[in-house]
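# Observations on the three-dimensional arrangement
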2 protein chains.
Amino acid sequence: MGVSKVVESGHQDYKPGDLVWGMTGCEEYTLITDLQSHFKINHPELPLSYYTGVLGMPGLTAYVGFFDVAKPKKGEYVFVSAASGAVGQLVGQLAKISGCYVVGSAGSDEKVNLLKTKFGFDDAFNYKKEQDLDATLKRCFPEGIDIYFENVGGAMLDAVLLNMRLHGRVSVCGLISQYNLEQSEGVRNLFCIITKRIRMEGFIVTDHYGSYRKFEEEMAGYLKEGKITYVEDVAEGIESFPTALIGLFYGRNIGKQLVVVARE
Amino acid sequence: MGVSKVVESGHQDYKPGDLVWGMTGCEEYTLITDLQSHFKINHPELPLSYYTGVLGMPGLTAYVGFFDVAKPKKGEYVFVSAASGAVGQLVGQLAKISGCYVVGSAGSDEKVNLLKTKFGFDDAFNYKKEQDLDATLKRCFPEGIDIYFENVGGAMLDAVLLNMRLHGRVSVCGLISQYNLEQSEGVRNLFCIITKRIRMEGFIVTDHYGSYRKFEEEMAGYLKEGKITYVEDVAEGIESFPTALIGLFYGRNIGKQLVVVARE
């Protein structure tokens, strides 16, 4: 995903100088032919890079995955894994705006600190330092979890299932712990789906582009009011792309990983 | 679950001779104190034993799990595991009444034959004879599965996930293949929940007792019109209870397992 300025256009709705965001290659110039997945930028007064994140696909992902899929109610208990990532940090803040109690997990003490001090999570933990995720979740959620915003899968999902409350919801956004395994770990506690009447539902943000304008206005408002904070990790120059990409899988980035190809 | 005739009552709404169904012990006389889970029988003209099955809890389970949880649409592809059981055989028939295409799995050729000849399933297979469940499901559902009515879990669920269609629904009623294992098998294909935007939802029938009267009338109608067929496996005498119970785990029963304690 990238932010681009139109330099040449054969489409009457786009003229040179227009700012758009959407799918781009890792390249300095992009030929955009699919206008279904590109949007004009309505709030250029905010940092343009936000349109790769909080005002772009990750933002919309957090918004539809939390509101449309998980359907939160005020006062509910929310757990977010990979909570310092571009999506997770927003889910946590949307949960707080909605009057929920929210706990996040992340993979370093620095990230955990960020969740608690900068993003307003009620609590957070470093999953790499926890011996027993079930016990950790019982400590963080003595009343159990109503909503799990799932980014990681595997052992975390198994521990969460044991700690869900009746009629809990698992909004399945990603399963990043499993992507690079030769064989996925098995999830063993699915019986909880019955005993706790859990709804587990996957979604892909591209199905929800119709909600984009509503989301953009709402999120731009939160940003201007200071109700949402957003953190980026900026790598300079197109040549830094491979290192930045690989860094994601080692948890090196803090916040949304960006690569600056050109500045305005 | 049992059908009982009231012999003595301290409750003004129940008098000797009334017929009720609900939770009973394995016993000849039952003291009923919890009226939340007992219902009067409104259609004594139908076989009373039906109130332990097609007109009782298994029937309501099939009805709410299929209609309320899976939310079928005409023309959809439905797969039912443990399809010859008390619940499964009804789900298949409700799917046919709803204009769906339905395939069932069962654990013997005799049961498979019953599904195809007596219950009107479009197709059925003996899972014990299939080497590769993924290939079997691809053969039965070249277009994929919209609704999976889940009774078994484990390897079957993994194979089904690979064959679900976009926006498919898994109505999780039971996971019987896992109940007696020391450790549950892992389910490895949960990534399909994201890629196919699957909703997987567990339910327990006791949450849905409020729908019982509506269900009873509808199902009694189907039975009288011959639109629903129901098969029971009858063991005679209370002393046959342990053998009948254990037989369930070996798949010995065909249709709903009953034990006759007394006849009218």
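Computed from a predicted model, the values in this text were never measured in an experiment. (Residues numbered from 1 in each chain as written. Chains lettered and ligands numbered in written order. Predicted model: local features only at pLDDT ≥ 70, side-chain atom pairs only at ≥ 80, totals over all residues. Heavy atoms only, no water.)

### Details of the packing of helix 1 (residues 57–70) of chain A against helix 7 (residues 212–225) of chain A
Residues and elements named next belong to chain A. At a closest axis distance of 10 Å, the pairing of helix 1 and helix 7 adopts a crossing angle of 100 degrees. Considering the angle they form, helix 1 stands roughly perpendicular to helix 7. Residue-level inspection shows G59, L60 and Y63 of helix 1 in contact with helix 7, the latter providing Y212, K214, F215 and E218. (Axes fitted to C-alpha atoms, helices over the stretch in contact; angles between N-to-C directions. Helix = DSSP H or I, 4+ residues; strand = E, 2+ residues; numbered from the N terminus. Parallel < 35°, antiparallel > 145°, perpendicular 65-115°, else oblique. Contact = heavy atoms within 4.5 Å.)

### A closer look at the relation of the copies chain B and chain A
Turning chain B through 180 degrees and shifting it by 0.0 Å along the axis lays it on chain A, with an RMSD of 0.0 Å. Both copies of the chain, as the preceding transformation shows, are related through a two-fold rotation axis. Of every C-alpha in chain B, the one belonging to B:G186 sits nearest the axis of rotation, 1.7 Å from it. Here 100% of the contact residues of chain B are again contact residues in chain A; the copies associate through an equivalent surface. (Least-squares fit on C-alpha atoms with pLDDT ≥ 70 in both.)

### Re the nonpolar core
Among the nonpolar cores identified, the biggest contains 52 residues, and A:F79, A:Y148, B:F79 and B:Y148 are the most heavily contacted of them. Apart from the residues lying within four places of it in its own chain, the contact partners of A:Y148 are A:F79, A:S81, A:M156, A:L157, A:V160, A:M164, A:R169, A:V170 and A:S171. (Core = buried A, V, L, I, M, F, W, Y, C linked by side-chain atoms within 4.5 Å. Buried < 20%, exposed > 50% of the residue type's maximum accessible area, 1.4 Å probe, protein only.)

### Some details on the packing of helix 1 (residues 57–70) of chain B against helix 2 (residues 86–97) of chain B
Residue and element names in this part refer to chain B. One can describe the packing of helix 1 onto helix 2 by two numbers: an axis separation of 8 Å at closest approach and a directional angle of 45 degrees. Regarding the angle of helix 1 to helix 2, the classification is oblique. You can see that helix 1 and helix 2 cross each other, and the crossing is right-handed. Here P58, G59, T61, A62, Y63, F66 and F67 of helix 1 come into contact with helix 2, specifically with A86, V87, L90, V91, L94 and A95. Residues of the contact of helix 1 with helix 2, tallied by class, amount to 11 nonpolar, 2 polar and no charged. (Left-handed = near helix turned anticlockwise from the far one by under 90°. Nonpolar A, V, L, I, M, F, W, Y, C, P; charged D, E, K, R; others polar.)

### Observations regarding the state of the cysteines
Throughout the structure, instances matching the rule amount to 0 disulfides over all chains. Free of any disulfide, B:C100 has its nearest cysteine sulfur in B:C140, 16 Å distant. On the basis of relative accessibility, which here comes to 3%, the residue B:C100 falls in the buried class. A:C192 provides the cysteine sulfur closest to B:C173, a residue in no disulfide bond, and the two sulfurs are 16 Å apart. (Disulfide = S-S within 2.5 Å.)

### Describing the pattern of salt bridges
Should the charged atoms of two oppositely charged side chains come close, the side chains can pair. Tallying each qualifying case throughout the model produces 31 salt bridges over all chains. The shortest N-O distance in the salt bridge between B:R199 and B:E201 comes to 2.9 Å. Judged by its relative accessible area of 14%, B:R199 is buried. Residue B:E225 is joined to B:K227 by a salt bridge in which the shortest nitrogen-to-oxygen separation is 3.2 Å. One network of salt bridges, in which partners are shared, links A:K15, A:D18 and A:K40. (Salt bridge = Lys/Arg side-chain N within 4 Å of Asp/Glu carboxyl O.)

### Focus: the packing of aromatic side chains
Scanning the entire structure with this criterion turns up 32 aromatic pairs over all chains. Centre to centre, the rings of A:Y101 and A:F141 are 6.4 Å apart; their planes meet at 85 degrees, and the pair counts as edge-to-face. Highlighted residues: A:Y101 in strand 5 (residues 101–106) and A:F141 in the loop between helix 4 (133–140) and strand 7 (145–150), separated in sequence by 40 residues. When the centroid spacing of 5.1 Å and the interplanar angle of 85 degrees are considered together, the rings of B:F39 and B:Y209 count as edge-to-face. Of this pair, B:F39 sits in strand 3 (residues 38–40) while B:Y209 sits in the loop between strand 9 (199–202) and helix 7 (212–224), and the two are 170 residues apart along the sequence. What makes B:Y209 buried here is its relative accessible area of 11%. Directly above the ring of A:Y14 sits A:K40, whose terminal nitrogen or CZ lies 5.0 Å from the centroid. (Phe/Tyr/Trp six-rings, centres within 6.5 Å; stacked < 30°, edge-to-face > 60°. Lys NZ or Arg CZ within 6 Å of the ring centre and 35° of its normal.)

### A look at the interface of chain B and chain A
Each side of the interface is counted separately: chain B has 28 residues, and chain A has 28 residues. Roughly 2200 Å² is buried in total at the junction of chain B and chain A, and carbon and sulfur atoms are behind 61% of that figure. Three residues stand out in chain B for area buried against chain A, namely B:R188, B:I194 and B:R197, and they jointly supply 29% of the buried area on that side. At the boundary of chain B with chain A, the tally comes to 2 salt bridges. Of the charged contacts in the structure, one is a salt bridge between A:D207 and B:R197, with a shortest N-O distance of 2.7 Å. Across the contact surface, chain B and chain A share 8 residue pairs in polar contact (both at pLDDT 80 or more). Residue assignment for the side of chain B that touches chain A shows that the elements contributing at least two residues are strand 8 (164–172), helix 6 (191–195) and strand 9 of chain B. Here the side of chain B that touches chain A is built from residues that sort into 14 nonpolar, 8 polar and 6 charged. Across 3 bridges, strand 9 (residues 199–202) of chain A lies against strand 9 of chain B in antiparallel orientation. (Buried area = accessible area lost by both parts, 1.4 Å probe. Polar contact = N/O pair within 3.5 Å; in protein donor to acceptor, adjacent residues only side chain to side chain. Pairing = 2+ DSSP bridges.)

### With respect to the sheet that holds strand 1 (residues 2–5) of chain B
All names here are of chain B. In spatial order, the strands read 1-2-3; together these 3 strands make up an open sheet with antiparallel pairing. The strands lining the two open edges of the sheet, one partner per strand, are strand 1 and strand 3. Between one strand and the next, the sheet's axes are offset by a mean angle of 30 degrees, whatever the strand orientation.

### What to know about the domain arrangement of chain A
All names here are of chain A. We note that the domain assignment places domain 1 (1–41) and domain 2 (47–264) within chain A. The gap between the C-alpha centroids of domain 1 and domain 2 is 28 Å. Residue-level contacts link 14 residues of domain 1 with 14 residues of domain 2. In this assembly, domain 1 packs against domain 2 so that about 1300 Å² is buried in total across both faces, 77% of it on carbon and sulfur atoms. Where domain 1 touches domain 2, the interface holds 0 salt bridges. In this assembly, domain 1 and domain 2 are joined by 2 residue pairs in polar contact (both at pLDDT 80 or more). For the side of domain 1 that touches domain 2, the secondary structure elements donating two or more residues are strand 1 (2–5), strand 2 (19–22) and strand 3 (38–40). (Domains from an automatic or database assignment.)

### With respect to the pairing of strand 4 (residues 77–80) of chain B
All names here are of chain B. Where strand 4 lies against strand 5 (residues 101–106), 4 bridges are found, and the strand directions are parallel. Paired with V80 across the strands is G104, a residue of strand 5. Tracing the backbone out of strand 4, into helix 2 and back to the parallel element strand 5 gives a crossover that is right-handed. Pairing of strand 4 with strand 7 (residues 145–150), which is carried by 3 bridges, proceeds in the parallel orientation. (Right-handed = clockwise from strand over helix to strand, strands pointing away.)

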